Amino acid sequence: MQLEINQEALPVYEALASNVRIKIIQLLAKNKMNVKELAQELGLSSAIITMHIKKLEEAKIIKTERVGQKKISSLRVDHIDINFPEKIFNAFDTKETAIPIGHYTNYSVEPTCGLATSADFVGMVDEPKFFMDPRRMNARILWFTKGFVEYQSPNFLAKEEKLEMMEISMEVSSEFPFSNNNWPSDITFSLNGVELGTWTSPGDFADIRGKYTPDWYPDNLNQYGLLKTIRIMDHGTYMEGVPLSDITIKDIPAYEDTWHLKVEVKEDAEHVGGCTLFGKGFGNYDQDIKLKMFYS
């Protein structure tokens, strides 16, 4: 589950602000339990436990299902990420472009793989040849186990403008047949032929439906990713403030007519766990791949 610092996330923050509810989460992390079992374990009445269960259900942290004559509760999520507002760099002017997920200009992928628009799959899944289907231009999500997709975007910097910093942001996760919340994958990012670094995605998430994922898309397939921002600066490259590599902004060829962005899962990676990219209309963030240039 991914949260923002906003009003919509308040039910989750409120649900976690309770010693009893924290203990319920800890118990459900080990076993599925009903209200009576939780009440006995915590030494509280069933009525009080029911109230706390309702709070956790409203926050979509747990789910309760009827099994025979009993209502059994279990966890819906195994992690929560909180995205704070991005820092604003006031010292520089900016230019920004966005690349739709299906607008890659080169690719080489291996199954499991596939694409989908906001209305349907593009061709057959697990058939790489459909990555060349003209309908791919409308794709809002794509996934592959090994290989790469490469995007091009116009470079609007003028010759007299000096590139000071660059940000690349996208919603991304691993790729597992159907889904697996614990499925690490080493995903490598390159810009204009320069390898920026490798990030290990923790999993391919379907514990809860993506905020923007269309209704027709199956529940058991990858629902959302993590919003990751790569920042290339004059002293290195970082992802969410964590060093990714020693590549600096001076190492990037900055005055070619186009930017070439490559997202890759290498065959010899330690964790070959695939890659899923989410664009507008899928996942938890209604955005395509964003490139933002800070210049003086």
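Residues numbered from 1 in each chain as written. Predicted model: local features only at pLDDT ≥ 70, side-chain atom pairs only at ≥ 80, totals over all residues. Heavy atoms only, no water.

- In the nomenclature of an unreviewed UniProt entry, the chain is known as Transcriptional regulator, ArsR family of Enterococcus casseliflavus ATCC 12755.

## Quick notes on the pattern of salt bridges
Part 1 of the argument: A complete count under the given rule lists nine salt bridges for this structure.
Part 2 of the argument: With a closest N to O distance of 2.8 Å, Arg 135 and Asp 133 form a salt bridge.
Part 3 of the argument: A salt bridge links Asp 219 to Arg 209; the nearest nitrogen and oxygen atoms lie 2.4 Å apart. Placement of Asp 219 in the loop between β13 (194-201) and β14 (226-233) and of Arg 209 in the loop between β13 and β14 is noted, with a sequence separation of 10 residues between them.
Part 4 of the argument: Taking relative accessible area as the criterion, Asp 219 reaches 53% and is therefore assigned exposed.
Part 5 of the argument: Look at Arg 209 and you get partly exposed, because its relative accessible area is 28%.
Part 6 of the argument: In this structure, a network of salt bridges that share partners links the residues Glu 110, Lys 146 and Glu 267. (Salt bridge = Lys/Arg side-chain N within 4 Å of Asp/Glu carboxyl O. Helix = DSSP H or I, 4+ residues; strand = E, 2+ residues; numbered from the N terminus. Buried < 20%, exposed > 50% of the residue type's maximum accessible area, 1.4 Å probe, protein only.)

## Thoughts on the sheet that holds strand β4 (residues 70-75)
Within a beta sheet, neighbouring strands are joined by backbone hydrogen bonds and run either parallel or antiparallel to one another.
Part 1 of the argument: Taken in spatial order, the three strands of this open sheet run β2-β4-β3, and their pairing is antiparallel. Each edge of the sheet is formed by a strand with only one pairing partner; in this case those strands are β2 (33-34) and β3 (62-67).
Part 2 of the argument: Examined bridge by bridge, β2 and β4 share two bridges and lie antiparallel to one another. Residue pairing for β4: Met 33 is matched across the bridge by Ser 73.
Part 3 of the argument: Against the sheet, helix α2 (residues 19-28) contacts β2, β3 and β4, and its axis sits at roughly 90° relative to β4. (Pairing = 2+ DSSP bridges. Contact = heavy atoms within 4.5 Å. Axes fitted to C-alpha atoms, helices over the stretch in contact; angles between N-to-C directions.)

## Structural notes on the sheet that holds strand β12 (residues 185-191)
Part 1 of the argument: A sheet is described by the order of its strands in space; here five strands give the open sequence β7-β10-β17-β12-β13, paired in antiparallel fashion. Looking at which strands have only one partner, the edges of the open sheet turn out to be β7 (104-110) and β13. For this sheet, the mean angle separating the axes of adjacent strands, direction not counted, is 15°.
Part 2 of the argument: Where β12 meets β13, seven bridges bridge the pair, whose relative direction is antiparallel. In the strand pairing of β13, Asp 186 is matched with Thr 200.

## Brief notes about the side chain of Ser 185
Part 1 of the argument: For Ser 185, the position within the fold is in strand β12.
Part 2 of the argument: Overall, Ser 185 belongs to the buried group, its relative accessible area being 0%.
Part 3 of the argument: Within the structure, the side chain of Ser 185 is placed 2.6 Å from the backbone oxygen of Gly 274, a separation counted as a polar contact.
Part 4 of the argument: With residues up to four places along the chain from it excluded, the contact list for Ser 185 reads Ser 174, Trp 199, Thr 200, Ser 201, Val 265, His 271, Val 272, Gly 273 and Gly 274. (Polar contact = N/O pair within 3.5 Å; in protein donor to acceptor, adjacent residues only side chain to side chain.)

## Concerning unusual backbone geometry
Part 1 of the argument: Cis rather than trans, the peptide bond between Pro 111 and Thr 112 has omega equal to 0°.
Part 2 of the argument: The topology assignment puts Thr 112 in the loop between β7 and β8 (114-116).
Part 3 of the argument: The backbone of Lys 60 shows a phi angle near 60°, a positive value even though the residue is not glycine.
Part 4 of the argument: A positive phi angle, close to 65°, is found at Asp 126, a residue other than glycine.
Part 5 of the argument: Among the structural elements, Asp 126 can be located in the loop between β8 and β9 (141-144).

## As for the side chain of Ser 245
Part 1 of the argument: One can find Ser 245 in strand β16 (residues 242-245).
Part 2 of the argument: A distance of 3.3 Å separates a polar atom in the side chain of Ser 245 from the backbone nitrogen of Ile 247.
Part 3 of the argument: Those residues in contact with Ser 245 that lie beyond four places of it in its chain are Leu 196, Gly 197, Gly 236 and Thr 237.

## Thoughts on the state of the cysteines
Part 1 of the argument: In total, this model carries zero disulfides according to the counting rule given.
Part 2 of the argument: Here Cys 113 stays unpaired: no disulfide links it, and the sulfur of Cys 275, its closest cysteine neighbor, is 12 Å away. (Disulfide = S-S within 2.5 Å.)

## Concerning the nonpolar core
One broad rule of soluble globular proteins: the nonpolar side chains tend to lie buried together.
Part 1 of the argument: Of all hydrophobic cores here, the largest spans 66 residues; its most connected members are Leu 142, Val 149, Trp 259 and Leu 277.
Part 2 of the argument: In terms of residue count, strand β11 (residues 163-173) provides more of this core than any other element does, five residues in total.
Part 3 of the argument: Counting only domains with at least three residues in this core, you end up with domain 1 (2-81) and domain 2 (86-295).
Part 4 of the argument: In this structure Leu 277 touches Ile 101, Arg 140, Ile 141, Leu 142, Val 149, Tyr 151, Met 170, Glu 171, Val 172 and Val 263, once residues within four positions along its chain are discounted. (Core = buried A, V, L, I, M, F, W, Y, C linked by side-chain atoms within 4.5 Å. Domains from an automatic or database assignment.)

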